[in-house]
Amino acid sequence: MSSTPEPKNDATDSAENARLRARHLARYQDLRRYIEWSDDDVARIVAAAPYARPHFEALIDDFYAAIERHPHARRVITGGAAQVERLKRTLLQWVAELFSGRYDSDYLERRRRTGARHAEIGLPHSYASMAMTRLKRGLRLGITQSWPASSSRQELEDTLESLDRLLDLELAIISEAYETEHFLRKQRAERARLQGELNEAERRVLASERLAGIGQMITGLAHESRNALQRIQACAEMLELEVEGNAEALDLVARIQKAQDQLHRLFDEVRNYAAPIRLDIDEAPLCDAWREAWELLAAQRSGRQTELRECIEGVDLTCQVDRFRMSQVFRNIFENSLSACTGPAVVEIACANDLYDGQPALRIRVRDNGPGLNSEQRKNIFQPFYTTKTKGTGLGMAIAQRIVETHAGRIFVGDNNSAQDPPEGELSGAEIVILLPRTRP
Amino acid sequence: MVLRIAVADDERDMRDYLAKILPRLGHQVVAVAENGQRLVDLCSQTRPDLVITDIRMPGMDGLEAAKEIDRLRPTPVIFVSAHLDEQQRVQSVGQASRAFLMKPIKQADLAAALAAVDHEVHDHPDGE
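Throughout this description, residue numbers start from 1 for each chain and increase along the sequence as written. In the order they appear in the text, chains get letters beginning with A and ligands get numbers beginning with 1. Per-residue local features are limited, in this predicted model, to residues with pLDDT of at least 70; the limit for side-chain atom pairs, both in listing and counting, is 80 or more; totals at the level of whole chains, interfaces and linings are taken over all residues. Excluding hydrogens and water, the side-chain values take into account all heavy atoms of the structure.

Novice: Go over the packing of helix α3 (residues 56–69) of chain A against helix α7 (residues 125–146) of chain A, please, and point to the residues and values.
Specialist: Residue and element names in this part refer to chain A. Fitting a line to C-alpha atoms yields each axis, with helices limited to the stretch in contact; the angle taken between N-to-C directions then spans 0 to 180 degrees. A run of H or I in DSSP becomes a helix once it reaches four residues, and a run of E becomes a strand once it reaches two; helices and strands are each numbered from the N terminus. Between α3 and α7, the least distance of the axes is 10 Å, while the angle of their chain directions is 150°. When the axes of α3 and α7 are compared, the pair comes out roughly antiparallel. Regarding α3 and α7, the two cross each other, and that crossing is right-handed. Taking contact as the criterion, the partners of Phe-56, Leu-59, Asp-62, Phe-63, Ala-66 and Arg-69 in α3 are, on α7, Ala-131, Arg-134, Leu-135, Gly-138 and Leu-139. Ten residues, namely Ala, Val, Leu, Ile, Met, Phe, Trp, Tyr, Cys and Pro, are considered nonpolar, four, namely Asp, Glu, Lys and Arg, are considered charged, and the remaining ones, Gly among them, are considered polar. Tallied by class, residues from the contact of α3 with α7 come to seven nonpolar, one polar and three charged. Each angle gets one of four labels, with under 35 degrees taken as roughly parallel, over 145 as roughly antiparallel, 65 to 115 as roughly perpendicular, and the rest as oblique. Left-handed is the label given to a crossing in which the near helix is rotated counterclockwise from the far helix by less than a right angle, and right-handed is the label when the rotation is clockwise. By definition, residues are in contact when any of their heavy atoms lie within 4.5 Å.

Novice: Requested: an account of the environment of A:His407, with residues and values cited.
Specialist: All names here are of chain A. If you trace the backbone, His-407 turns up in the loop between α14 (396–406) and β6 (410–413). Separated by 86 residues in the primary sequence, His-407 and Val-321 have C-alpha atoms spaced 7.0 Å apart. Beyond its immediate sequence surroundings of up to four residues, His-407 is in contact with Leu-279, Ile-281, Gln-320, Val-321, Asp-322, Arg-325, Met-326, Leu-436, Pro-437 and Arg-440.

Novice: Outline the nonpolar core, listing residues and values.
Specialist: Residues and elements named next belong to chain A. Of all hydrophobic cores here, the largest spans 47 residues; its most connected members are Leu-286, Trp-290, Phe-330, Phe-334 and Ile-364. Discounting residues that sit within four places of it in the chain, Phe-330 has contacts with Leu-286, Ala-289, Trp-290, Ala-293, Ile-349, Ile-364, Val-366 and Ile-434. Ranked by size, the runner-up nonpolar core spans 43 residues in total, among them Ala-48, Val-76, Ile-77 and Phe-99. We define the nonpolar core as a collection of buried residues of types Ala, Val, Leu, Ile, Met, Phe, Trp, Tyr and Cys that are connected through side-chain atoms lying within 4.5 Å of one another. Summary of the burial criterion: residues with accessible area below 20% of their type's maximum are buried, those above 50% are exposed, and those between are partly exposed, where the area comes from a 1.4 Å probe applied to protein chains only.

Novice: Give me the interface of chain B and chain A: which residues, what numbers.
Specialist: Counting residues at the interface gives 16 residues for chain B and 18 residues for chain A. Of the roughly 1700 Å² buried between chain B and chain A on both sides combined, carbon and sulfur atoms contribute 59%. When two components associate, each loses some accessible surface as probed by a 1.4 Å sphere; the sum of these losses over both components is called the buried area. Area buried by chain B at its contact with chain A is led by B:Asp13, B:Lys20 and B:Pro104, which between them contribute 32% of it. Basic side-chain nitrogens of Lys or Arg form a salt bridge, by our definition, when they fall within 4 Å of a carboxyl oxygen of Asp or Glu. Linking chain B with chain A are five salt bridges, by the criterion used here. The shortest N-O distance in the salt bridge between A:Glu244 and B:Arg24 comes to 3.3 Å. Ranked by residues supplied to the side of chain B that touches chain A, first place goes to helix α1 (residues 12–24) of chain B with seven residues. Residues of the side of chain B that touches chain A, tallied by class, amount to seven nonpolar, two polar and seven charged.

Novice: How would you summarise the confidence of the model for chain A if you had to cite specific residues and measurements?
Specialist: Along the chain, pLDDT gives the predictor's confidence residue by residue, from 0 to 100. Mean pLDDT for chain A: 87, with 94% of residues reaching 70 or above. Counting interchain partners and residues more than four positions distant, the pLDDT-below-50 stretch residues 1–8 of chain A has 19 contacts.

Novice: An account of the layout of surface pockets is requested, with residue identities and associated values reported.
Specialist: Unoccupied space between atoms shows up once a probe the size of one water molecule is rolled over them. All names here are of chain A. Only protein atoms enter the calculation, which uses a 1 Å grid: trapped sets of points that fit a 1.4 Å probe without letting it out are cavities, open sets showing protein on both sides within 12 Å along at least five of seven lines are pockets, and any residue with an atom within 4 Å of a point is a lining residue. Grid points are joined across faces, edges and corners, and a volume is the space filled by probe spheres set on the points. When its volume is computed, the second largest pocket comes out at roughly 1000 Å³. Forming the boundary of the second largest pocket are 35 residues, of which Phe-63, Tyr-64, Leu-91, His-118 and Leu-123 lie nearest the centre. Looking at the lining of the second largest pocket, the elements that each hand over two or more residues are α3, α5 (80–98), α6 (105–120) and α7. Counting residues per element, the lining of the second largest pocket draws most heavily on α7, which supplies nine residues. When grouped by side-chain class, the residues that make up the lining of the second largest pocket number 20 nonpolar, seven polar and eight charged.

Novice: Provide a residue-level description of the environment of B:Gln95, including the pertinent values.
Specialist: Residue and element names in this part refer to chain B. Mapping Gln-95 onto the fold places it in the loop between α4 (87–90) and β5 (98–102). Given the relative accessible area of 72%, Gln-95 is considered exposed. For Gln-95, the residues in contact, after removing those within four places along its chain, are Asp-70 and Pro-74.

Novice: Which residues make up unusual backbone geometry, and what values go with them?
Specialist: For the peptide bond that leads from B:Lys103 to B:Pro104, omega is 0°, which places it in the cis range. Counting through the fold element by element, B:Pro104 comes out in the loop between β5 and α5 (107–123). One non-glycine residue, A:Glu36, adopts positive backbone phi at about 60°. Along the chain, the position of A:Glu36 falls in the loop between α1 (11–34) and α2 (39–52). A:Glu36 sits in the exposed class, given a relative accessible area of 63%.

Novice: Account for a nonpolar patch on the surface, with residues named and values stated.
Specialist: A cluster of nonpolar residues, A:Ile232, A:Leu239 and A:Ile256, forms a patch on the protein surface that exposes about 220 Å² of accessible area. The topology assignment puts A:Leu239 in helix α8 (residues 153–242). Candidates for patches are residues over 30% relative accessible area with no salt bridge; among them, like charges are joined within 9 Å and nonpolar side chains (Val, Leu, Ile, Met, Phe, Trp, Tyr) within 5 Å. Areas reported as accessible are Shrake-Rupley estimates using a 1.4 Å probe. Residue values count occlusion only from the protein chains shown.

Novice: I'd love a proper account of a negative patch on the surface, names of residues and values included.
Specialist: All names here are of chain A. A cluster of acidic side chains, namely Asp-280, Asp-282, Glu-283 and Asp-316, defines a negative patch on the protein surface. Mapping Glu-283 onto the fold places it in strand β1 (residues 282–285). In this structure Glu-283 comes out as exposed when scored by relative accessible area, which is 51%. Residues scored as positive are Lys and Arg, those scored as negative are Asp and Glu, and His as well as the terminal groups of each chain are ignored. Think of each charge as sitting on NZ of Lys, CZ of Arg, CG of Asp or CD of Glu.

Novice: Tell me about the pairing of strand β2 (residues 28–33) of chain B, and please be specific about residues and values.
Specialist: Residues and elements named next belong to chain B. Pairing between strand β1 (residues 4–8) and β2: five bridges, direction parallel. Paired with Ala-8 across the bridge in β2 is Ala-33. Whether a crossover is right-handed depends on one test, that the path from the first strand over the helix to the second runs clockwise when the strands point away from the viewer. You can see the chain leave β1, run along α1 and come back into β2, and the turn it takes is right-handed. Should DSSP find at least two bridges between two strands, the strands are taken to pair.

Novice: Give me the lowdown on the side chain of B:Arg98, citing residues and values where you can.
Specialist: Residue and element names in this part refer to chain B. Mapped onto the secondary structure, Arg-98 falls in strand β5. The exposure class assigned to Arg-98 is buried, which follows from its relative accessible area of 11%. In the analysis that follows, any N or O atom pair within 3.5 Å is treated as a polar contact, provided that within protein one partner can donate a hydrogen and the other can accept it, and provided that, for residues neighboring in sequence, both atoms belong to side chains. A polar atom in the side chain of Arg-98 sits 3.0 Å from the backbone oxygen of Thr-75. With residues up to four places along the chain from it excluded, the contact list for Arg-98 reads Ala-66, Asp-70, Thr-75, Pro-76, Val-77, Phe-79, Val-90, Gln-91 and Val-93.

In structure tokens, the structure reads:
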């Protein structure tokens, strides 16, 4: 592969290729003018070819022996002795062409391709540059050794001077090939990054379209269910009055009431999950949201030993968030922790400054002292309707994810691994991490 | 203070419920209607302290009825609806105070809303 596109059958590509070649040639000619390269130089190089040629083989052997001795240079040779033999033949051809005297567009393109290939296989540019120095020294030495006594010393000096400049030009070609390769790599990486962003955006649009469809259906369903739930509620309360004093009947009414409450909650959660989320953004310390969530769980915590630990010293907790929604996120995480911990429950929140998508963000790590998450739970925890509890809709973490993503943040399972003994004083249970941008895009 | 209350809902279960529960909360139900027009008619006859009405009813809806009642005599209204998006609309209806309860409601929800209205009616009798 070369740094310039190979010609294709397509006429437009051929024209583009011709245009590129012309540009490269113009640039090469400009560089030649810069170092005052002349026909005399060409003549001297061609005349020196017979004195240089007998040394090519030894020069090339020395060249690859040096590569062998240097791990950074050697690592680009991945094909063993056979590759080295092939490369030696290529280098021989390269050196022979150097003395051909035909420095036209075809010559230039072949040199560019060689340079680009070096950049492409990841040979550091400094090694390419040093290799050129080594070749220069070898060629100078060879020519000097074979220089006929009949020719003048001045002629030798002039020839070596021409050789130096020719090899400087070669180095310039190689350097430019590196630059081009570097630029193309950056362009490829940027294209891959943009493609990744596009894929992610498409995924979000698809998910949100799907949710919007479900949301519409759920809104209709929620309305009808609210009317029906109201009738159950009304009748249950009236029945309660009718059976006053009848303990058995009152127990049955209480059970109806409980089932009705459960159904009500289910519909609310499903609607919460599927309905569009409109954020009511305010700038506030995030701890307000998790402390509120912890307070709201007072009923679930009553009668058992529970503790909320905060490791937030020295971290600015100010974020632009919808406090009510973020409180919902923490509540859903805490609920899972409280139900996973069978004994005394400890939930620990640790915050740190971070970056997300290049923007200042707050990293919030919530850990508990429960049994932790197994691989299946880690994989599915954010899937709607996934639950390991006997009661519960399995929407809590899916809702949390929707809310965090609506804040342009990310929520994921942390690396805390309950299979290993944690360091002294650290909690070994589930770990949920939230990355929340500090400001709104 | 005992409030004289007019109620309206197109669901019979809800009408029966309000008629039965409100007296237990210490108030008097003076009118029970199944649509907005009937509610307006009954309010002109009974001049209640408070109206509790559903919003979506056949014919004249709860919001229209509240406007009509306001023209006769400004009266506080508690709207009860299954539609959360109607909460915004009730604020601009008429001059008297408006409250919004989301179905399904329980006795405790009603008691809290009534306590707030009771306080207001007591401080500003006859809607003045």
